[in-house]
There are 2 protein chains.
Amino acid sequence: MTIRIGIMGYGNLARGVESAIAQNPDTKLAAVFTRRFPSQVKIKTPGVSVYSVNDVLKFKDQIDVMIICAGSATDLPEMTPVYSRDFNCIDSFDTHANIPQHFEAVNEVCLANHTTSLISAGWDPGMFSIQRLYANAILPEGKDYTFWGKGVSQGHSDAIRRIPGVKNGKQYTIPIDSALEAVRSGKGPDLTTRQKHKRVCYVVPEEDADLAAIENEIKTMPNYFADYDTTVNFITEEIFERDHSGMSHGGFVFRTGVTGFDKDNRHIIEYSLKLDSNPEFTGSVLVAYARAIYRLHEAGDCGCKTVFDIAPKLLSPVSDYDLRAHLL
Amino acid sequence: MTIRIGIMGYGNLARGVESAIAQNPDTKLAAVFTRRFPSQVKIKTPGVSVYSVNDVLKFKDQIDVMIICAGSATDLPEMTPVYSRDFNCIDSFDTHANIPQHFEAVNEVCLANHTTSLISAGWDPGMFSIQRLYANAILPEGKDYTFWGKGVSQGHSDAIRRIPGVKNGKQYTIPIDSALEAVRSGKGPDLTTRQKHKRVCYVVPEEDADLAAIENEIKTMPNYFADYDTTVNFITEEIFERDHSGMSHGGFVFRTGVTGFDKDNRHIIEYSLKLDSNPEFTGSVLVAYARAIYRLHEAGDCGCKTVFDIAPKLLSPVSDYDLRAHLL
């Protein structure tokens, strides 16, 4: 049985999902949906068509899992609940502070319509969250550290580009080396968000834009920038294209903790990602979770899920027996 | 509801389990069982008693999960199936090649007796296995690397101590730095076992022992040392006690892979553990899985499980809502 996947939206993440589907023989791309004119969207998968979002309900019986590739700020909070009426959906909602309310909205729709959706897949939230959970369960007395970067944050770049007067923009999150080393030492330093990362923005302004206003709006934006040391660089379109078109990213999750009756034994758990392409890696995670959601739905398990609810084996195309024999 | 845990056996791993129970307020130690004379076994938890294994069935209704702390070579293949008749059991069976047959033996007993057991928990097999599974599901085209150490290998230390003329001995497995760096570079090198690890032995010889013969016997021992670059150091009993009584260990799991239609984007996933106490960390993993097994059993899910079957949230004492709000 091949899992038929639909892609809603066709930006960088969608292209990452599309190429991940091509790497997983038990999945296939069924259709791509766009809010643009379908004829203007060129996809890479031979034999697959692009349709208007207005036609999506016609595909209800031809799609097992819909992967929604859209922004967390305004699109996903609307789209995932709406499409969960008719499809099992996966999104990469990454506004951490709003996850509980997004979960409730999607869960309500799923339970009413017997669908199975998963929110906030990717690497953070996603693989990093899983590492935090496992490490906290194993070392209940300890400290968590998450570092992001060096890399472009799509969410933060999108947030910059929505500011009036901004023509183009990109944001790099960069871990501060001395902070990383302090954590690896196992000494359990107290580090504020600000001490762990800096945020560096490259902005191409519209002609005659108010640069001071743009800089201020970026630096004071809640959730995204207000808690960080943020640098804003205004550059030309040419320099932007030449130097800032890569999509690499990465990061580190640590938990350090103590065990023993005397609490004198120290342990350091470190997980890190170095990614040439953030959207392709994220897309690969979404496709693995599409496999899991398909299986849960087939088993009659409806409602909204997160990566915490998904047994690892559900992500793998390999049989339970072979997983035990070869990966355990 | 407090989860009542029994410990079968009382060696280093059992002591690690005992201290982990003390760190997890939703668990408590119910009893310790031993094949020795119970009066000769001194445990650290106040108010808890040690009993003979012969009395274990009297505790059938007083223990939610039994953690079996015994060796993989001969004990666990017998004990876990036997005790799974009457208890939900957890073991740390680590003979990778024999996992499928151990699983079948335990699963059969669990299904016949409506119990829920989990085999092969710990860090390898265990947390390392989980990392391998997630990373393989996300990056289907890539290479896996596992490095162990720096840490003591019990099996290799035992092998040294069986050699005539050896009074005491310990063997450290040590990852070779240049191999680690080659993997981290993302180039996907092919590395033989010999190229990834070296083995360093510390041996206390008997008086008048033939040191050259001992060294030769170690270095040419098939399976254990012959395939590795092995160093043998002869030391005194005093130095052995002073410098080589620790139980630290650790290791690294990597997967490197490519994504994209052109397969030109490279990704590196790295997970590492640095553990002051191998048995205390392993014990902490076993207690987290005891929580999961208790919950699965309460939900009526019987049979033999592995870490691949367990949704991450089942390991945590935190509510689903709080996990989503704070760790996702």
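Procedures and definitions
- Residues numbered from 1 in each chain as written.
- Chains lettered and ligands numbered in written order.
- Predicted model: local features only at pLDDT ≥ 70, side-chain atom pairs only at ≥ 80, totals over all residues.
- Heavy atoms only, no water.
- 1 Å grid on protein atoms, 1.4 Å probe; cavity = no way out; pocket = protein on both sides within 12 Å on 5 of 7 lines; lining within 4 Å.
- Points joined across faces, edges and corners; volume = space filled by probe spheres on them.
- Nonpolar A, V, L, I, M, F, W, Y, C, P; charged D, E, K, R; others polar.
- Helix = DSSP H or I, 4+ residues; strand = E, 2+ residues; numbered from the N terminus.
- Expected span 1.5 Å × (residues − 1).
- Buried < 20%, exposed > 50% of the residue type's maximum accessible area, 1.4 Å probe, protein only.
- Polar contact = N/O pair within 3.5 Å; in protein donor to acceptor, adjacent residues only side chain to side chain.
- Pairing = 2+ DSSP bridges.
- Contact = heavy atoms within 4.5 Å.
- Axes fitted to C-alpha atoms, helices over the stretch in contact; angles between N-to-C directions.
- Buried area = accessible area lost by both parts, 1.4 Å probe.
- Salt bridge = Lys/Arg side-chain N within 4 Å of Asp/Glu carboxyl O.
- Least-squares fit on C-alpha atoms with pLDDT ≥ 70 in both.
- Disulfide = S-S within 2.5 Å.
- Phe/Tyr/Trp six-rings, centres within 6.5 Å; stacked < 30°, edge-to-face > 60°.
- Right-handed = clockwise from strand over helix to strand, strands pointing away.
- Parallel < 35°, antiparallel > 145°, perpendicular 65-115°, else oblique.
- Left-handed = near helix turned anticlockwise from the far one by under 90°.
- pLDDT = per-residue confidence, 0-100.
- Core = buried A, V, L, I, M, F, W, Y, C linked by side-chain atoms within 4.5 Å.

A.B. asks: Where do I start with empty space enclosed by the protein in this structure?
C.D. replies: Gaps between atoms show up when a probe of the same size as a water molecule is rolled over them. Taken as a whole and assessed by the stated rule, the structure comprises one cavity of 30 Å³ or more. Considered as a void within the structure, the largest cavity measures approximately 30 Å³ in volume. Surrounding the largest cavity, A:Lys313, A:Asp320, A:Leu323, A:Arg324, B:Thr306, B:Phe308 and B:Asp309 form its lining. Residues that form the lining of the largest cavity fall into these classes: two nonpolar, one polar and four charged.

A.B. asks: Which parts of the structure should I look at to understand helix H10 (residues 278-298) of chain A?
C.D. replies: Since the α-helix packs 3.6 residues into each turn, any two residues three or four apart lie on the same face. Residues and elements named next belong to chain A. Taking 1.5 Å per residue as the helical rise, H10 with its 21 residues ought to reach 30 Å, and the 30 Å between its terminal C-alpha atoms agrees with that figure. Counting buried residues in H10 gives 18 out of 21 residues, a clear majority hidden from the surface. Measuring from the backbone nitrogen of Glu-280 back to the side-chain oxygen at the start of H10 gives 3.1 Å, which picks out Ser-277 as the cap. Where H10 ends, the next residue or the one after it, Gly-300, has phi of about 85 degrees, a positive value.

A.B. asks: What exactly am I supposed to notice about the sheet that holds strand E10 (residues 197-205) of chain A here?
C.D. replies: Sheet strands pair by backbone hydrogen bonding; their relative direction is either parallel or antiparallel. All names here are of chain A. Across the sheet, four strands lie side by side as E8-E9-E10-E11; this open sheet has mixed pairing. Of all the strands in the sheet, the pair left with one neighbour each is strand E8 (151-152) and strand E11 (229-234). Summarising the sheet, E10 and E11 pair through six bridges and their orientation is parallel. Note on E11: the bridge partner recorded for Tyr-202 is Asn-233. Contacting strand E9 (166-175), E10 and E11, helix H8 (residues 211-219) crosses the sheet at an angle of about 150 degrees to E11.

A.B. asks: Whenever I open this one, the interface of chain A and chain B confuses me. Can you help?
C.D. replies: In many analyses, interface size is given as the accessible surface area lost on bringing the parts together. Facing the 70 residues of chain A at the interface are 69 residues of chain B. When chain A packs against chain B, the two sides together hide about 6,300 Å² of surface, and 63% of this comes from carbon and sulfur. Counting the surface chain A buries against chain B, the share from its top three residues, A:Gln23, A:Phe261 and A:Leu328, is 14%. On inspection of chain A and its partner chain B, the count reaches two salt bridges. The salt bridge involving A:Asp309 is made with B:Lys313; its shortest N-O contact spans 2.8 Å.

A.B. asks: Just checking my understanding: could you explain the relation of the copies chain A and chain B for this structure?
C.D. replies: Think of it as a corkscrew move, a rotation about one axis and a shift along it, taking one chain copy to the other. For the pair chain A and chain B, the superposition axis carries a translation of 0.1 Å, the fit reaches an RMSD of 2.0 Å, and the rotation angle comes to 179 degrees. Overall, the copies show the geometry of a two-fold rotation axis.

A.B. asks: Whenever I open this one, the environment of A:Asp322 confuses me. Can you help?
C.D. replies: In this structure, A:Asp322 sits in helix H11 (residues 320-326). For the pair A:Asp322 and A:Ala292, spaced 30 residues apart in sequence, the C-alpha to C-alpha distance is 17 Å.

A.B. asks: Could you clarify how one ought to interpret the state of the cysteines in this entry?
C.D. replies: Residues and elements named next belong to chain A. All told, the structure shown has zero disulfides over all chains when counted by the stated rule. Distance from the sulfur of Cys-304, which forms no disulfide, to the nearest cysteine sulfur (Cys-110) is 5.8 Å. Take Cys-304: its relative accessible area is 5%, and that puts it in the buried class.

A.B. asks: Just to check I follow, could you spell out the packing of aromatic side chains for this structure?
C.D. replies: Residue and element names in this part refer to chain B. This model, assessed by the stated rule, comprises 16 aromatic pairs over all chains. A centroid spacing of 4.4 Å and a plane angle of 50 degrees characterise the contact between Tyr-51 and Phe-59, whose relative ring orientation is tilted. Owing to a relative accessible area of 27%, Tyr-51 belongs among the partly exposed residues under this scheme. What makes Phe-59 buried here is its relative accessible area of 9%.

A.B. asks: Explanation requested: unusual backbone geometry in the structure shown.
C.D. replies: In most cases, non-glycine residues show a negative phi, while peptide bonds are predominantly trans. Residues and elements named next belong to chain A. Across the junction of Asp-124 and Pro-125, the peptide omega takes the value 5 degrees, indicating a cis bond. Relative to the helices and strands, Pro-125 resides in the loop between strand E6 (116-118) and helix H4 (127-138). The phi dihedral of Asp-208 is positive, around 65 degrees, even though this residue is not glycine. Along the chain, Asp-208 turns up in the loop between E10 and H8.

A.B. asks: I keep staring at the pairing of strand E4 (residues 65-68) of chain B and nothing clicks. Help me out?
C.D. replies: The side chains of a regular strand alternate between both faces of the sheet. Residue and element names in this part refer to chain B. Every second residue of E4 is oriented toward a common face, with Val-65 and Ile-67 on one face and Met-66 and Ile-68 on the other, all of them buried. Two strands pair when backbone bridges link them, and strand E1 (residues 3-8) and E4 are joined in this way by four bridges, in the parallel orientation. Bridge pairing in E4 places Ile-7 opposite Ile-67. Looking at chain direction, E4 and strand E5 (residues 89-90) are connected through two bridges and run parallel. Bridge assignment links Met-66 to a residue of E5, and that residue is Cys-89. In this fold, E4 hands off to helix H2 (residues 75-83), which returns the chain to E5; that crossover is right-handed.

A.B. asks: Hey, could you run me through the packing of H2(B) against helix H3 (residues 99-113) of chain B in this one?
C.D. replies: Working note: a packed helix pair is described by the angle between its axes plus the distance between those axes. Residue and element names in this part refer to chain B. The geometry of H2 relative to H3 is characterised by a closest axis approach of 8 Å and an angle of 20 degrees between their N-to-C directions. It follows from the interaxial angle that H2 and H3 lie roughly parallel. When the axes of H2 and H3 are compared, the crossing they make is right-handed. For the pair formed by H2 and H3, the contact residues are Leu-76, Pro-77, Thr-80 and Pro-81 on the first element and His-102, Ala-105, Val-106 and Val-109 on the second. In the contact of H2 with H3, the residues fall into six nonpolar, two polar and no charged.

A.B. asks: Whenever I open this one, the pairing of E9(A) confuses me. Can you help?
C.D. replies: Residue and element names in this part refer to chain A. By the criterion of burial, E9 is predominantly enclosed, with nine of the ten residues buried. Here nine bridges tie E9 to E10, and the two strands are oriented antiparallel to one another. Its bridge partner being in E10, Asn-168 is matched across the sheet by Val-204.

A.B. asks: Help me understand the side chain of A:Gln23 in this model?
C.D. replies: Tracing the chain through its elements places A:Gln23 in helix H1 (residues 12-23). Relative accessible area serves as the criterion here: at 7%, A:Gln23 is assigned to the buried category. Within the local environment of A:Gln23, its side chain forms a polar contact with the backbone oxygen of B:Val258, the two atoms lying 3.0 Å apart. With near-sequence residues (within four places) excluded, A:Gln23 lies in contact with B:Pro140, B:Glu141, B:Val258, B:Thr259, B:Gly260 and B:Lys263.

A.B. asks: Help me understand the confidence of the model for chain A, please; the structure alone is not making it clear to me.
C.D. replies: Low pLDDT marks stretches whose predicted atomic positions should not be read closely. Across chain A, the average pLDDT comes to 96, with 100% of residues at or above 70. For this predicted complex, the interface score ipTM comes out at 0.95, alongside a pTM of 0.93.

A.B. asks: Looking at this structure, I do not really get the nonpolar core. What am I missing?
C.D. replies: Soluble globular proteins: nonpolar side chains tend toward being buried together. Formed by 156 residues in total, the largest nonpolar core has its most connected members in A:Ile90, A:Tyr289, B:Ile90 and B:Tyr289. Those residues in contact with A:Tyr289 that lie beyond four places of it in its chain are A:Ile90, A:Leu118, A:Ala121, A:Ile130, A:Val307, A:Ile310, A:Leu315 and B:Tyr134. Formed by twelve residues, the second largest nonpolar core is a distinct cluster that contains A:Val166, A:Ile218, A:Met221 and A:Phe225.

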